[in-house]
Amino acid sequence: MNPAALFDVSGKTVVVTGGSRGIGLMIAHGFVAAGATVIISSRTAEACEKAAAELSALTTAGAGTCLAHPADLSTAEGLESLTQRVAEVAPRLNVLVNNAGAAWGAPIGEFPDSGFDKVLNVNVKAVFSLTQRLLPQLRSAATAEDPARVINIGSIDGLVVSASDNFSYVASKAAVHMLTRKMAATLASDHITVNALAPGPFPTKMMAHVLGDPELRDAVVERVPLGRVGTPEDIASPAIFLASRAGAYLTGTVIPVDGGISGTR
């Protein structure tokens, strides 16, 4: 048994949605640094192209490369556009990371229907629809010894009750966790594993207004048993684990990556 080989993802082809910033960029960076070919998507073309160029310029030994494909996955056109691009680049897709997401906050008496429609469409429906569309490429890459992998990005907000007025977001992430389990059961016979990561506080745009305020940041950190917010390495590592030989026998799991918040509440 070679410990280094257990976590090797070099040469794999990976799609990361919402890969131009935040957790998606952290995960994409980890895969590129580990030698994978990564296709990132995001709604903003400029941000997507810039992120891909920066990741492709990594000079670490054995680094892979990154390709950009801007797409709005809340639309059928965006889903089809990304599907076609992936088919062109990678007839065999080893890993799909469904990370693109949206959030909405408002008091319960003021929460609009549009806030539910937008968030559930992006966070749940698009996860299912993109996975469904990319099944031919995933099946082509899948073997019993080295399954294709789907990694959905959920949230601890789908595991524990938060103080925020993010009603549609928490509902969507709980749905992602259950959708993960259902897809895992369905696709196991195709040698496709489906797992989810449930991040806690990380330095993302969604958390910027909180982590940028020293008082609010201290309050967040105080809730984390390990006493800090997550780093890029903290979220890239479990994604790489799930995509490697080390994670080949896991499916239907939801892994909290939250410094212990969900496990101690």
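Description of the structure in this document. (Residues numbered from 1 in each chain as written. Predicted model: local features only at pLDDT ≥ 70, side-chain atom pairs only at ≥ 80, totals over all residues. Heavy atoms only, no water.)

### Here's the deal with the overall build of the chain
- Each helix and strand counted, the chain has 10 helices and 7 strands in total.
- A globule of 265 residues ought to have a C-alpha radius of gyration of about 18 Å, and the chain, at 18 Å, matches this closely.
- By its C-alpha atoms, the chain is 50 × 40 × 40 Å across when sized along the principal axes.
- Counting only residues that meet the buried cut, the chain has 47% of its 265 residues in that class.
- Nonlocal contacts in the chain, meaning residues at least 24 apart in sequence, comprise 73% of its contacts between residues at least 6 apart.
- When the accessible surface of the chain is split by element, carbon and sulfur atoms take 56% of a total near 12300 Å².
- One finds the centroid of the 20 positive side-chain charges in the chain at a distance of 6 Å from the centroid of its 23 negative side-chain charges. (Helix = DSSP H or I, 4+ residues; strand = E, 2+ residues; numbered from the N terminus. Rg over C-alpha atoms; globule rule 2.2 N^0.38 Å. Buried < 20%, exposed > 50% of the residue type's maximum accessible area, 1.4 Å probe, protein only. Contact = heavy atoms within 4.5 Å. Areas by Shrake-Rupley, 256 points an atom, 1.4 Å probe, with all protein chains shown as cover. Lys, Arg positive; Asp, Glu negative; His and termini not counted. Charge placed at Lys NZ, Arg CZ, Asp CG, Glu CD.)

### Details of the environment of Gly115
- Within the element layout of this structure, Gly115 appears in helix H5 (residues 113–133).
- The class for Gly115 is buried, based on a relative accessible area of 0%.
- Distance from Gly115 to Pro238, taken between C-alpha atoms, is 31 Å for residues 123 residues apart in sequence.
- Once you skip the residues sitting within four places of it in the chain, Gly115 turns out to touch Trp104 and Ser168.

### A short note on the packing of helix H4 (residues 76–89) against H5
- Packing of H4 against H5 leaves a shortest axis separation of 10 Å and a crossing angle of 35 degrees. Pair H4 / H5 crosses with right-handed handedness. For the pair formed by H4 and H5, the contact residues are Ala76, Leu79, Glu80, Leu82 and Thr83 on the first element and Ala126, Ser129, Leu130 and Arg133 on the second.
- Residue classes in the contact of H4 with H5 are distributed as 5 nonpolar, 2 polar and 2 charged. (Axes fitted to C-alpha atoms, helices over the stretch in contact; angles between N-to-C directions. Left-handed = near helix turned anticlockwise from the far one by under 90°. Nonpolar A, V, L, I, M, F, W, Y, C, P; charged D, E, K, R; others polar.)

### Thoughts on the sheet that holds strand S7 (residues 254–257)
- The 7 strands are arranged S3-S2-S1-S4-S5-S6-S7 in an open sheet whose pairing can be described as parallel. Lying at the two open borders of the sheet, with one neighbouring strand each, are strand S3 (65–68) and S7. For this sheet the average axis-to-axis angle between neighbouring strands, irrespective of direction, equals 20 degrees.
- Examined bridge by bridge, strand S2 (residues 37–41) and S3 share 4 bridges and lie parallel to one another. (Pairing = 2+ DSSP bridges.)

### Description of a negative patch on the surface
- On the surface, a cluster of negative charge is made up of Asp213, Glu215, Asp218 and Glu222.
- Residue Asp213 is classed as partly exposed on the basis of its relative accessible area of 31%. (Patch = residues over 30% accessible without salt bridge, like charges linked within 9 Å, V, L, I, M, F, W, Y side chains within 5 Å. Salt bridge = Lys/Arg side-chain N within 4 Å of Asp/Glu carboxyl O.)

### A word on helix H3 (residues 45–56)
- Compared with the 16 Å implied by 1.5 Å per residue over 12 residues, the 16 Å span of H3 between its first and last C-alpha is a close match.
- Close packing links the buried residues of H3 with helix H2 (22–33), S2 and S3. (Expected span 1.5 Å × (residues − 1).)

### Focus: the packing of aromatic side chains
- Taken as a whole and assessed by the stated rule, the structure comprises 3 aromatic pairs.
- Centroid distance Phe111 to Phe116: 5.4 Å. Interplanar angle 70 degrees. Geometry classified as edge-to-face.
- Judged by relative accessible area, Phe111 falls into the buried class, the value being 15%.
- Here the aromatic rings of Phe111 and Phe167 are separated by 5.7 Å at their centres, their planes lie at 85 degrees, and the arrangement is edge-to-face. Taken as a pair, Phe111 in the loop between strand S4 (95–98) and H5 and Phe167 in helix H7 (residues 167–187) lie far apart in primary sequence, 56 residues in all.
- With relative accessibility at 29%, the residue Phe167 sits in the partly exposed group.
- Here the aromatic residues Phe111, Phe116 and Phe167 are joined through ring pairs into a cluster of three or more. (Phe/Tyr/Trp six-rings, centres within 6.5 Å; stacked < 30°, edge-to-face > 60°.)

### Comments concerning the environment of Leu25
- Along the chain, the position of Leu25 falls in helix H2.
- Judged by relative accessible area, which is 25%, Leu25 ranks as partly exposed.
- Separated by 82 residues in sequence, Leu25 and Pro107 have C-alpha atoms that sit 31 Å apart.
- Other than its neighbours up to four places away in sequence, Leu25 contacts Gly18, Gly19, Ser20, Ala51 and Leu55.

### Re the side chain of Thr204
- Tracing the chain through its elements places Thr204 in the loop between strand S6 (192–199) and helix H8 (208–211).
- Classification of Thr204 by relative accessible area gives buried; the value is 16%.
- Each residue touching Thr204, except ones within four places of it in the same chain, is listed here: Gly22, Ile23 and Met26.

### Describing the nonpolar core
- By size, the foremost hydrophobic cluster in this structure holds 30 residues, and its most contacted members are Ile27, Phe31, Val38, Ile40 and Val97.
- If you list the elements that add at least two residues to this core, you get strand S1 (13–17), H2, S2, H3, S3, S4, strand S5 (148–153) and helix H10 (232–243).
- Sort the elements by how many residues they give to this core and H2 lands first, with 6 residues.
- Once residues lying within four places of it in the same chain are set aside, the contact partners of Ile27 are Val16, Val97, Ile153, Ile235, Ala236 and Ala239.
- With 27 residues, the next largest nonpolar core counts Leu79, Val124, Leu179 and Ala184 among its residues. (Core = buried A, V, L, I, M, F, W, Y, C linked by side-chain atoms within 4.5 Å.)

Purely spatial values, then, with no claim about function.
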